[in-house]
Amino acid sequence: DAYVAKFAANGTRDWGTYFGGSAKDEARGVALAPNGDVVLVGTTASLAGIATTGAFQTTLAASQLTDGLVARFTSSGLRIWSTYFGGSQGDELHDVRVASDVTIGFCGHSTSPDAPTTPGTASPNYAGGGDAIIALFTGAGARLWCTYLGGNEGASESARGTAFVDGTGLVA
């Protein structure tokens with residue numbers, strides 16, 4: 001399971017919780033929202049225990065592999081929502097940022113030719129060999145957009161960091 005905890009300024013733990021299912025789950029990135037909520041991204045191979053009711057993606061799409069995971073917790077550690085994120089091959093999420101309006105940007109790596117990208121984005125089609133993947137969600141867990149960033153077949157790209165630029169865009 002992944003583990004997330006929130007500590008007070010004096011180093012005492014305010015809360016901590018495990019998050020995951022019956023298989024391997026890893027936290028790879030965490031961000032604090034302006035209202036104190038905590039957003040976690042990572043990777044999972046669990047078939048259950050990840051997605052909440054009504055999530056963007058309710059099942060593990062990568063049979064025998066991993067999907068990314070995104071979860072939002074309240075400032076007191078209660079899960080608000082969580083979702084799988086990926087396609088039919090291996091996907092993992094590495095980093096996350098939360099804007100002042102609680103828009104959630106995250107990035108990672110995908111070998112899925114069918115990851116949940118959106119038409120009209122920079123690169124909605126898989127280039128092959130493993131592409132970086134970048135997405136923007138609302139604070140309520142709805143996808144705003146998702147795109148690959150990748151090169152030629154055989155090359156592997158991965159986005160390892162994200163940053164918001166004046167709340168209007170996402171840099172990975």
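Please read all numbers here as calculations on a predicted model, not as lab measurements.

**Let's talk about the pattern of salt bridges**
Now for step 1: Per the stated rule, a full pass over the model turns up five salt bridges.
Now for step 2: The shortest N-O distance in the salt bridge between R72 and D37 comes to 2.6 Å. Residue R72 is located in strand β5 (residues 67–73), and its partner D37 is located in the loop between β3 (25–32) and β4 (38–44); the two are separated by 35 residues in the primary sequence. The residues R72 and D37 share a single accessibility class, namely buried.
Now for step 3: Ionic pairing is found between D95 and R97, a salt bridge with its closest N-O pair at 2.9 Å.
Now for step 4: On the basis of relative accessible area, D95 is assigned to the buried category, the value being 10%.
Now for step 5: Put simply, K24, E26, R28 and E92 are held in one network by salt bridges that share partners.

**Digging into the sheet that holds strand β6 (residues 79–85)**
Now for step 1: An order of β3-β4-β5-β6 is seen for the four strands of this open sheet, with the pairing classed as antiparallel. At either end of the open sheet lies a strand with only one pairing partner, and these are β3 and β6. In this sheet, adjacent strand axes meet at a mean angle of 20° when their direction is disregarded.
Now for step 2: Here six bridges tie β5 to β6, and the two strands are oriented antiparallel to one another. Each residue of the ladder has a partner; that of V70, found in β6, is T83.

**Description of the environment of P124**
Now for step 1: With respect to the helices, strands and loops of the structure, P124 is situated in the loop between β8 (104–110) and β9 (131–137).
Now for step 2: Of the residues examined, P124 reaches a relative accessible area of 25% and is grouped as partly exposed.
Now for step 3: Linking P124 and L149, residues 25 residues apart in sequence, is a C-alpha distance of 8.5 Å.
Now for step 4: In contact with P124, other than residues within four places in its own chain, are T117, T118, P119, T147 and Y148.

**Things to note about unusual backbone geometry**
Now for step 1: One non-glycine residue, V102, adopts positive backbone phi at about 70°.
Now for step 2: Tracing the sequence through the fold places V102 in the loop between β7 (91–98) and β8.
Now for step 3: Among the residues examined, V102 registers a relative accessible area of 14% and is labelled buried.

Parameters and conventions
Residues numbered from 1 in each chain as written. Predicted model: local features only at pLDDT ≥ 70, side-chain atom pairs only at ≥ 80, totals over all residues. Heavy atoms only, no water. Salt bridge = Lys/Arg side-chain N within 4 Å of Asp/Glu carboxyl O. Helix = DSSP H or I, 4+ residues; strand = E, 2+ residues; numbered from the N terminus. Buried < 20%, exposed > 50% of the residue type's maximum accessible area, 1.4 Å probe, protein only. Pairing = 2+ DSSP bridges. Axes fitted to C-alpha atoms, helices over the stretch in contact; angles between N-to-C directions. Contact = heavy atoms within 4.5 Å.

Keep in mind that these numbers describe shape and distance, not what the molecule does.
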